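# Secondary and tertiary structure notes
Residues per chain are reported as follows:
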Amino acid sequence: MAVVSRPMRSRAIRRGVLVLVLVAVALGVVVFVRGGSDAAQARRPEREWCTPGTPRTALCPNNKVFDAKAHVTHGDAFECINFASQADAQAVLRADPGDPNHLDDGGGVACRGLPEPRDTKPVTPRAQQFTCGSGDTRSALCPQPDRAFDARYFLRYGNDAYDCPDFASQADAQAVLRFAPADPNHLDADRKGIACPDLPAPKDVKPVRRGTP
C-alpha cells in the first residue's frame, strides 16, 4: 500500500506545482494587460481634452490656437511651465508689458528656459525699465566694463536661451563658448570657434576647438 501511495503523492505534488505555475502566469498576464490599459487611459485624456479648438499650452503643445491676450486678464495666474514654448510666453509679455504673470526673466525676455520656437527680441518697455543690481553679471543690459562677468549665467538653462545681442562684448560671448564648447546658445553659427564676431570690443578671437558636430 505504501508503494502505491508514494507515486500518487508524487503526482499530486506535480499537479500542485503545475497549478501554481499556471496561476502565476495568469496573474502576470493580468498585470501586464492591466498596466497597458492604465497607460492607455493615462494617454487618452490628453487626446480628449486637446481638441482642435483647445488653446495651445504645455499640456497641448501641438494645438494651433493661441491667444496671448487671454493670459493677461486674470492677474498673476500663469507661470512659465504653462506655456508650450518660449515664443508663446514672449507673446504674452508683448501683449501686456506690465507682466502680470511675472514671466520676464530680465530685460524684456520671458521664460528663457522654455523650448523652441523662440522669440528673444526684448519687449522694449520692459528692457527700458530694467535696472542693474550690484550682483548682476555683465551683459548688454549691464555693460559696465568693471562689472563682474560670470559665463555660467548664460548657461543656466542648458539650451538656446541667449543670443549675441545679450552680451556686452565679443570677448564675453567668447568666454561663454570657451566655457561650454557644446555651444547650447548657438553663438558660433559657422562652427569656426569664434562667438558673435560682430559684437563690439573687447575681442577674443582665439578659436575654441569645437570638435565634430
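Residue positions are counted from 1 within each chain, in the order its sequence is given. Under the rules for a predicted model, residues below a pLDDT of 70 receive no local features and side-chain atom pairs below 80 are neither given nor counted, while totals for whole chains, interfaces and linings still include all residues. Derived side-chain values reflect all non-hydrogen atoms in the structure, with water molecules and hydrogen atoms excluded from consideration.

## Thoughts on the nonpolar core
In terms of nonpolar packing, the biggest core is built from 15 residues, with F167, A173, V176, L187, A195 and C196 touching the most fellow members. Among the nonpolar cores identified, the runner-up in size contains eleven residues, and F83, A89, A110 and L114 belong to it. Throughout this description, the term nonpolar core refers to a set of buried Ala, Val, Leu, Ile, Met, Phe, Trp, Tyr and Cys residues connected via side-chain atoms within 4.5 Å. Exposure is judged per residue with a 1.4 Å probe applied to protein chains only, and the accessible area is read against the type maximum: over 50% gives exposed, under 20% gives buried, and values in between give partly exposed.

## Looking at the pattern of salt bridges
Salt bridge, as used here: a side-chain nitrogen of Lys or Arg that lies within 4 Å of a carboxyl oxygen of Asp or Glu. The full count for this structure, using the stated rule, is nine salt bridges. Here D119 and R94 are joined by a salt bridge, their closest N and O atoms 2.9 Å apart. Taken together, the positions of D119 in the loop between helix 2 (86–95) and helix 3 (124–129) and R94 in helix 2 put the pair 25 residues apart, joining distant regions of the chain. Residue classification places R94 among the partly exposed positions, given a relative accessible area of 36%. Here D104 ties to R126 by a salt bridge, and the two come within 3.0 Å at their closest N and O atoms. With D104 in the loop between helix 2 and helix 3 and R126 in helix 3, this pair connects stretches of sequence that are 22 residues apart. Each of the two residues, D104 as well as R126, counts as buried. Salt bridges linked by common partners bring D183, D188 and R210 together as one network. Secondary structure is summarised from DSSP: a helix means a run of H or I of at least four residues, a strand means a run of E of at least two, and numbering begins at the N terminus for each.

## Topic: the environment of S134
Considering the arrangement of structural elements, one finds S134 in the loop between helix 3 and helix 4 (170–179). Residue classification places S134 among the exposed positions, given a relative accessible area of 83%.

## Focus on the state of the cysteines
Working definition: the covalent bond between the sulfur atoms of two cysteines is a disulfide. Note that a disulfide, as used here, is simply two cysteine sulfur atoms within 2.5 Å. Scanning the model with the defined rule gives four disulfides in all. The disulfide bridge from C50 ends at C60, spanning 2.1 Å between sulfur atoms. As the torsion about the S-S bond is roughly -80°, the C50-C60 disulfide counts as left-handed. Taken as a pair, C50 in the loop between helix 1 (2–49) and helix 2 and C60 in the loop between helix 1 and helix 2 lie far apart in primary sequence, ten residues in all. C60 matches C50 in its accessibility class, with the two residues each being buried. Disulfide pairing places C132 opposite C142 at an S-S distance of 2.2 Å. Here C132 and C142 share a disulfide; its torsion about the S-S bond, -105°, makes the bridge left-handed. In this pair, C132 sits in the loop between helix 3 and helix 4 while C142 sits in the loop between helix 3 and helix 4, placing the two residues ten residues apart along the sequence. On the basis of relative accessible area, C142 is assigned to the buried category, the value being 1%.

## Considering the packing of aromatic side chains
Between the rings of Phe, Tyr and Trp (Trp by its six-membered ring), a pair exists once the centres lie within 6.5 Å; its type follows the angle of the planes, with under 30 degrees stacked, over 60 edge-to-face, and the other angles tilted. Enumeration according to the criterion identifies seven aromatic pairs in this entry. Relative to Y162, the ring of F154 lies with its centre 5.1 Å away and its plane at 75°, an arrangement referred to as edge-to-face. For the pair shown, F154 and Y162 are each scored as buried. An aromatic cluster of three or more residues is present, and its members are F149, Y153, F154, Y157, Y162 and F167.

## Some thoughts on unusual backbone geometry
Following E116, the chain continues to P117 via a peptide bond in cis, the omega torsion being 0°. Relative to the elements of secondary structure, P117 occurs in the loop between helix 2 and helix 3. Along the chain, A201 connects to P202 via a cis peptide bond; the corresponding omega equals 5°. Relative to the assigned elements, P202 resides in the segment after helix 4. In the Ramachandran plot, H102 falls in the positive-phi region, its phi being about 55° despite a non-glycine side chain. Note that H102 resides in the loop between helix 2 and helix 3. In this structure, C111 is a non-glycine residue whose phi angle is positive, near 50°. Looking at the secondary structure, you find C111 in the loop between helix 2 and helix 3.

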